[in-house]
Amino acid sequence: MALHRGRGFAAINYPIGMNLGGDPSQALVHSNPEGKFTVALSSIDLGQGMKSVTRQIAAETLGVPVEDVYVDTADSDTGPHCMGSFASRGTHRVGNAVIEAAQEARAVMLEAAAEELEVDAGDLVTDGRGSIHVKGAPSRAITTMAACQAAQFRQGRTVSGRGIFLIPLSEVDPDTGEMTPVSCFAHAAMLVEVEVDDETGEVRVLDMQSAYEVGRALNPRLVEQQLVGGAWMGMSHAAWETTEPRYPDRAHGPVDFNSYLMPGPGDIAPHHISVLERPAPDGPFGGKGPGEMCANPVLPAVCNAVYDAVGVRIDELPVTPEKVLRGIRANGGARPRGRL
Amino acid sequence: MAKKPVTFTLNGAERAAFADDGENLLQFLRRGVGDLGPKYGCGQGSCGACTVLVDGAPHLSCLMLAEAVAGRRVETVSGLARDGALHPLQEAFMDGFAAQCGYCTPGMLMAAKALLDRNPRPSRDEVVEAIGGNLCRCTGYAPIIEAILAAAERRATA
Ligand code: FES
Ligand code: FES
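Bear in mind that the values here come from a model prediction, so they are computed numbers and not experimental data.

Scoring rules and cut-offs
Along each chain, numbering runs from 1 in the same order as the chain's sequence is written. The naming scheme follows written order: chains are lettered A onward, ligands numbered 1 onward. Note on the predicted model: pLDDT of at least 70 is required for a residue's local features to be given, and 80 or more for side-chain atom pairs to be given and counted; whole-chain, interface and lining totals, by contrast, use all residues. Working from all heavy atoms in the structure, the side-chain values ignore hydrogens and water. Every helix listed is a DSSP run of H or I at least four residues long, and every strand listed is a run of E at least two residues long, numbered separately from the N terminus. Radius of gyration here uses only the C-alpha atoms, and the compact-globule reference equals 2.2 Å multiplied by the residue count raised to the power 0.38. Burial classification: accessible surface area is computed with a 1.4 Å probe over protein chains only, and a residue below 20% of its type maximum counts as buried, one above 50% as exposed, and the rest as partly exposed. Residues are treated as being in contact if the distance between any of their heavy atoms lies within 4.5 Å. What sets the accessible areas is the Shrake-Rupley method with a 1.4 Å probe; for residues, cover comes only from the shown protein chains. By the counting scheme adopted, Arg and Lys are positive, Glu and Asp are negative, and His together with the chain ends is not counted. Here the site of a charge means atom NZ of a Lys, CZ of an Arg, CG of an Asp or CD of a Glu. Pairing between two strands requires that DSSP report at least two bridges joining them. Whether a crossover is right-handed comes down to one check: with the strands pointing away from the viewer, does the path from the first strand over the helix to the second run clockwise; if it does, it is right-handed. Those domain boundaries reflect an automatic or database domain assignment. Two parts placed together each lose some accessible area under a 1.4 Å probe, and adding up what both lose gives the buried area. Just to be clear on terms, a salt bridge is a Lys or Arg side-chain nitrogen sitting within 4 Å of an Asp or Glu carboxyl oxygen. We call two N or O atoms a polar contact when they sit within 3.5 Å, provided that within protein one can donate a hydrogen and the other can accept it, with sequence-adjacent residues counted only if both atoms are side-chain atoms. As a working rule, the residues Ala, Val, Leu, Ile, Met, Phe, Trp, Tyr, Cys and Pro are called nonpolar, Asp, Glu, Lys and Arg charged, and the rest polar, with Gly in that last group. Every residue gets a pLDDT, meaning the predictor's confidence in that residue, from 0 to 100.

### A closer look at the overall build of chain B
Within chain B, the regular secondary structure consists of five helices and five strands. Ordered by position in the sequence, the α and β elements of chain B form the string β-β-α-β-β-β-α-α-α-α. In terms of C-alpha radius of gyration, chain B reaches 15 Å, essentially the compact-globule figure of 15 Å for 158 residues. The dimensions of chain B, computed from C-alpha atoms along their principal axes, are 50 × 30 × 25 Å. Counting only residues that meet the buried cut, chain B has 48% of its 158 residues in that class. Within chain B, residue pairs in contact and separated by at least 24 positions form 54% of the contacts whose partners lie at least 6 positions apart. Summed over all atoms, the accessible surface of chain B reaches about 7100 Å², with 52% contributed by carbon and sulfur. Computed over 16 positive and 17 negative side-chain charges, the separation of the two mean positions in chain B equals 3 Å.

So, in structure tokens, the structure goes:
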């Protein structure tokens, strides 16, 4: 028996969102009597950081401290409509909707402040720390809380805003077959090193090196977190996970964690990540969204690395020891490409 | 169904509640006692989300009978923070972005606490072994391992 090392590469263009019904998301922003803001969304945070990022986006647009913004994703029955948390669309679609809603709310807040200060709303700026003042005259100021309260209790205005982001549905051109389904692409490249045991067919991922281009990383730590976790998920799908039965009878399909293989903390490989930021013209503050792209390049890269190591081309996932062994046998032995 | 009174210590406080016949500790803690810290992931001992400490040692509460903790000391994630101050492990998880959806976190924290309580300066391999029975869907484990090592380090240099 021998262990064979191989390296595999994959690069992807990853479309953000989808071309279905315009893929819209809505956001509603309003101030509360204590001068803080609520952003109402039906977009769900699964742990990917949707709430944190939309909170940052709302605070930045409103010009108030991030602590003054609360994102409420409680109920998709009563909240403004959202297509959902998938297709890596959250940051891009929902973020843009939040910007639009926050801009409208900000305009009302500034009008309310202008009325209290007896100045023109166009001359007002926010300092991002809870205060609104006349440009160039910081002492002519009112807190965002006082402005919102004046709107609420004296002026009878709602400091609120509505936002929607929609990319009109792109139809296929019947003559050319052309369409523009996506406005925004993220990109990734990955190099994986594996070790394949030609006696057992087992594949071990030894090392991953990647570069991900995510637009602007609106929250760099969340981006890194998603890339680390998502890439591991990709590795797991490449080598272990499947809902399909290994043998051709549904009854043999996995029904629990004993039969659905998921690697544990002892099975991870070091992953060296470079994040490239090229702000997207139509993204919220340039953001795209790492999302599913974290996982995608790992699968083809692992398959290519196995090919490099033993000359077996696996075209059905996951890369199980059985498939590797059958491939080696069909080839009459391991054929490391280095020795071809 | 017969109910049995179970008296035990939960996070330092004396507690008594009735357990159904054959009820497991996870159900007992969540439904009977009202401690929603330990999570139900699989109910069959393969995910670790339900990990609690009994007399300082990690146990899968879904596989343990409630009455087995009578007279014993049970610790759950709900007791980790004291007087409003987070446990060093919780701090390290937060600083290290070691949770995403957070469903595995209560089990991870308790498995890690059991480790650090008996081995304050574990090696990376020892950390991996200690959380080897805990599945995480989101993080890829690396941030969790780093956070546990960081908590140990911080405690040693504090
Ligand atoms: S719920 Fe106990 S191990 Fe999964
Ligand atoms: S953070 Fe989601 S399962 Fe671990």
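### Quick word on the overall build of chain A
Broken down by element type, chain A carries six helices and eleven strands. Relative to its length of 340 residues, chain A is extended, with a C-alpha radius of gyration of 26 Å against a globular reference of 20 Å. C-alpha extents for chain A along the principal axes are approximately 85 × 45 × 40 Å. For chain A, contacts bridging at least 24 residues in sequence account for 73% of all contacts bridging at least 6. Within the structure as shown, chain A displays about 16300 Å² of accessible surface, and the carbon and sulfur contribution to it stands at 51%. Chain A carries 28 positive and 43 negative side-chain charges, and their two centres are separated by 5 Å.

### With respect to the pairing of strand 3 (residues 37-40) of chain A
Regular strands have side chains that alternate between both faces of the sheet. All names here are of chain A. Residues of strand 3 alternate between two faces, with Phe37 and Val39 on one and Thr38 and Ala40 on the opposite face, all of them buried. Pairing between strand 2 (residues 25-31) and strand 3: four bridges, direction antiparallel. Residue pairing in the sheet places serine 31 in a bridge with phenylalanine 37 of strand 3. Between strand 2 and strand 3, which pair antiparallel and follow one another directly, the connecting turn spans five residues, one of which, glycine 35, has a positive phi of 80°. Strand direction decides the pairing type here: strand 3 and strand 4 (residues 69-72), joined by four bridges, are parallel. The partner of phenylalanine 37 across the bridge, within strand 4, is valine 69. For the crossover that starts at strand 3, traverses helix 1 (residues 50-62) and ends in the parallel strand 4, the hand is right-handed.

### Focus on the domain arrangement of chain B
Residues and elements named next belong to chain B. Looking at chain B, the domain boundaries give domain 1 (3-79) and domain 2 (88-157). With centres defined by C-alpha atoms, the gap from domain 1 to domain 2 works out at 21 Å. Contact with domain 1, which involves 15 residues of that partner, is made by twelve residues of domain 2. Summed over both partners, the interface of domain 1 with domain 2 comes to about 1100 Å²; 63% of that surface belongs to carbon and sulfur atoms. As a salt-bridge pair, glutamate 75 and lysine 113 come within 2.7 Å of each other at their nearest N and O atoms. At the junction of domain 1 with domain 2, the criterion picks out four residue pairs in polar contact (both at pLDDT 80 or more). Residues that form the side of domain 1 that touches domain 2 fall into these classes: six nonpolar, seven polar and two charged.

### Section: the confidence of the model for chain B
Looking at chain B, the pLDDT average stands at 96 and 99% of residues meet or exceed 70. Across the whole predicted complex the pTM is 0.93, and at the interface the ipTM reaches 0.91.

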